[in-house]
Every structure is written in C-alpha cells, then in structure tokens.
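Coordinates in review
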Amino acid sequence: MERYQEIERSIIKKFRKEIWSKFIRAVNDYELIKENDKIMVCLSGG
C-alpha cells in the first residue's frame with residue numbers, strides 16, 4: 001500500500017464518512033488539489 005493510501009485510510013477511519021464525502025466532493029468540484037501538490041494538514045481539537 002502506498003504511503004498516501006495509508007494516510008487516506010487513517011483519515012477515513014478517524015472521521016465520519018459523511019464529513020469525508022463532503023470534503024472529497026468539494027476537492028473534486030473546485031479542483032483544489034492537483035497532481036504533485038504538497039499538502040499540509042493541521043487538525044485542532046480545541
């Protein structure tokens with residue numbers, strides 16, 4: 001399994017599918033991520 005697939009799987013497991021599907025739909029609809037983009041992710045619990 002590729003590293004990006006491992007990361008994607010861990011995100012899906014931690015967050016409810018309904019939130020994930022909305023996120024993916026927005027990324028695809030607005031073309032927010034292109035091939036070879038570098039992405040920094042930060043999550044806050046507070």
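Higher on the page you've got the structure.
Model, not experiment: these values are computed from the prediction.

1. A look at the overall build of the chain
For the chain, the helix and strand inventory stands at two helices and zero strands. When the backbone C-alpha atoms are referred to their principal axes, the chain occupies close to 30 × 25 × 20 Å. Counting across all 46 residues of the chain, residues that qualify as buried make up 4%. As presented, the chain carries roughly 4,900 Å² of accessible surface, and 53% of it is formed by carbon and sulfur atoms. If the 10 positive side-chain charges of the chain are averaged to one point and the 8 negative ones to another, these points end up 8 Å apart.

2. Some words on unusual backbone geometry
One non-glycine residue, Glu 31, adopts positive backbone phi at about 50°. Here Glu 31 is to be found in the segment after α2 (17-29). A residue is classified by how much of its surface remains accessible, and Glu 31, at 54% relative accessible area, is exposed. For Asn 36, which is not a glycine, the phi torsion comes out positive at approximately 75°.

3. A look at the pattern of salt bridges
Following the criterion strictly, the structure yields two salt bridges and no others. Residues Arg 3 and Glu 6 are paired through a salt bridge, measuring 3.4 Å at the closest nitrogen-oxygen approach. Here Glu 6 and Arg 3 lie together in helix α1 (residues 3-14), a separation of three residues that amounts to about one turn. A salt bridge links Lys 34 to Glu 31, with the nearest nitrogen and oxygen atoms 3.3 Å apart. For Lys 34, a relative accessible area of 44% corresponds to the partly exposed category.

The rules behind the values
- Residues numbered from 1 in each chain as written.
- Predicted model: local features only at pLDDT ≥ 70, side-chain atom pairs only at ≥ 80, totals over all residues.
- Heavy atoms only, no water.
- Helix = DSSP H or I, 4+ residues; strand = E, 2+ residues; numbered from the N terminus.
- Buried < 20%, exposed > 50% of the residue type's maximum accessible area, 1.4 Å probe, protein only.
- Areas by Shrake-Rupley, 256 points an atom, 1.4 Å probe, with all protein chains shown as cover.
- Lys, Arg positive; Asp, Glu negative; His and termini not counted.
- Charge placed at Lys NZ, Arg CZ, Asp CG, Glu CD.
- Salt bridge = Lys/Arg side-chain N within 4 Å of Asp/Glu carboxyl O.

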